[in-house]
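Commentary on secondary and tertiary structure
Here are the chains, one letter per residue:
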Amino acid sequence: MIKKILLAFDGSQNALRAAEFAVDLHKSIPQARCAIIIVASFTRDEAEFLGVSDAEFDNALQINAGRILQGAVELFNNAGLAVDKVILQGDAAKSIVEYAGENGFDLIVMGTRGLGNVKGMLLGSVSNKVMHLAHCPVTVVK
Ligand SMILES: Nc1ncnc2c1ncn2[C@@H]1O[C@H](COP(=O)(O)OP(=O)(O)O)[C@@H](O)[C@H]1O
Ligand SMILES: [Mg+2]
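No experiment lies behind these values; they were computed from the predicted model shown.

A short note on the layout of surface pockets
- There is about 680 Å³ of room inside the largest pocket.
- Those elements giving two or more residues to the lining of the largest pocket turn out to be strand 2 (33-40), helix 3 (54-78), helix 4 (92-102), strand 4 (107-111) and helix 5 (125-133).
- For the lining of the largest pocket, the leading source of residues is helix 3, giving six residues.
- Residues that form the lining of the largest pocket fall into these classes: 21 nonpolar, 11 polar and two charged.

Below you can see the structure in the form of structure tokens.
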């Protein structure tokens with residue numbers, strides 16, 4: 001039985017399709033919990049290099065990542081479903097897999113491709129790496 005679903009979301013069209021899938025799945029398992037995770041690859045070190053303070057960086061991260069997440073949050077809320085929001089920074093695939101493992105998620109849902117513009121590949125680097133590293137089932141939505 002799936003109890004905890006983690007949706008990896010980067011704001012792309014593909015990720016929106018993955019979000020719709022996660023909403024439908026959640027509807028069919030009402031007792032499940034769902035969280036949406038977004039990982040910023042931009043690090044505090046890089047921000048410091050640009051002269052951005054920790055506080056400014058954290059603030060910008062929360063505001064902008066929160067804005068991107070909102071598209072997926074609305075899909076859940078419009079379906080009458082609550083959803084948690086997780087904003088992290090670091091390597092996207094590693095962060096998604098670690099968060100899923102540490103917090104007992106049963107399933108990761110994500111898109112095949114994301115915001116990258118390299119055409120021709122079925123899977124993007126993040127979906128490919130998550131599938132390699134994950135300790136739980138991964139649903140990759142086309
Ligand atoms: N930074 C991120 N935070 C959360 N999820 C992400 C992130 N980047 C990608 N994903 C997830 O991985 C899927 C595939 O994206 P990705 O592998 O980055 O493909 P591409 O190479 O086309 O950008 C996305 O649809 C999304 O579900
Ligand atoms: Mg990408």
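Regarding the site of ligand 1
- By nearness alone, 21 residues border ligand 1, and A8, V39, R113, G116 and V126 come closest of all.
- V39 is positioned such that a nitrogen or oxygen atom in its backbone is 2.7 Å from a nitrogen atom of ligand 1.
- Residue S125 places a main-chain N or O atom 3.2 Å away from an oxygen atom belonging to ligand 1.
- Protein contacts shield 91% of the accessible area of ligand 1, which totals 550 Å² for the unbound molecule.
- Placement of ligand 1 is best described as lying within the largest pocket.
- Within the shell around ligand 1, the residues separate by chemical class into 11 nonpolar, eight polar and two charged.

Remarks on a nonpolar patch on the surface
- Where nonpolar side chains cluster on the molecular surface, the patch consists of F42, F49 and L50 and spans about 390 Å² of accessible area.
- For F49, a relative accessible area of 77% corresponds to the exposed category.

So, the packing of helix 1 (residues 13-28) against helix 3
- Interhelical geometry of helix 1 versus helix 3 gives an angle of 25 degrees and a closest axis separation of 10 Å. The orientation of helix 1 with respect to helix 3, classified from their angle, is roughly parallel. Seen along the crossing, helix 1 lies across helix 3 with a hand that is right-handed. Contacts between helix 1 and helix 3 involve L16, A19, E20, A22, V23 and H26 on the former and, on the latter, A72, L75 and F76.
- Here the contact of helix 1 with helix 3 is composed, by residue class, of seven nonpolar, one polar and one charged.

Some thoughts on the sheet that holds strand 5 (residues 138-141)
- Strand order in this open sheet of five strands is 3-2-1-4-5, and the pairing throughout is parallel. Of all strands in the sheet, those with a lone pairing partner are strand 3 (84-89) and strand 5, marking the two edges. When strand polarity is set aside, the average angle formed by the axes of neighbouring strands in this sheet is 25 degrees.
- Taken together, the three bridges between strand 1 (residues 4-8) and strand 4 define a ladder with parallel strand orientation. Bridge pairing in strand 4 places L6 opposite I108.
- Sheet contacts for helix 3: strand 1, strand 2 and strand 3; angle to strand 3, the most-contacted strand, approximately 140 degrees.
- In the packing of helix 4 onto the sheet, the strands contacted are strand 1, strand 2, strand 3 and strand 4, and the crossing angle to strand 2 comes to about 150 degrees.

Considerations on the packing of aromatic side chains
- Taken as a whole and judged by the stated rule, the model has two aromatic pairs.
- Here the aromatic rings of F42 and F57 are separated by 6.3 Å at their centres, their planes lie at 35 degrees, and the arrangement is tilted. Of this pair, F42 sits in the loop between strand 2 and helix 2 (44-49) while F57 is found in helix 3, placing the two residues 15 residues apart along the sequence.
- With a centroid separation of 5.9 Å and 35 degrees between ring planes, the pair formed by Y99 and F105 is classed as tilted.
- For F105, a relative accessible area of 9% puts it in the buried group.
- Directly above the aromatic system of F105 lies the positively charged group of K4, at a separation of 4.7 Å from the ring centroid.

The rules we used
- Residues numbered from 1 in each chain as written.
- Chains lettered and ligands numbered in written order.
- Predicted model: local features only at pLDDT ≥ 70, side-chain atom pairs only at ≥ 80, totals over all residues.
- Heavy atoms only, no water.
- 1 Å grid on protein atoms, 1.4 Å probe; cavity = no way out; pocket = protein on both sides within 12 Å on 5 of 7 lines; lining within 4 Å.
- Points joined across faces, edges and corners; volume = space filled by probe spheres on them.
- Helix = DSSP H or I, 4+ residues; strand = E, 2+ residues; numbered from the N terminus.
- Nonpolar A, V, L, I, M, F, W, Y, C, P; charged D, E, K, R; others polar.
- Near = heavy atom within 4 Å.
- Polar contact = N/O pair within 3.5 Å; in protein donor to acceptor, adjacent residues only side chain to side chain.
- Areas by Shrake-Rupley, 256 points an atom, 1.4 Å probe, with all protein chains shown as cover.
- Sits in = over half its atoms within 2 Å of the grid points.
- Patch = residues over 30% accessible without salt bridge, like charges linked within 9 Å, V, L, I, M, F, W, Y side chains within 5 Å.
- Salt bridge = Lys/Arg side-chain N within 4 Å of Asp/Glu carboxyl O.
- Buried < 20%, exposed > 50% of the residue type's maximum accessible area, 1.4 Å probe, protein only.
- Axes fitted to C-alpha atoms, helices over the stretch in contact; angles between N-to-C directions.
- Parallel < 35°, antiparallel > 145°, perpendicular 65-115°, else oblique.
- Left-handed = near helix turned anticlockwise from the far one by under 90°.
- Contact = heavy atoms within 4.5 Å.
- Pairing = 2+ DSSP bridges.
- Phe/Tyr/Trp six-rings, centres within 6.5 Å; stacked < 30°, edge-to-face > 60°.
- Lys NZ or Arg CZ within 6 Å of the ring centre and 35° of its normal.

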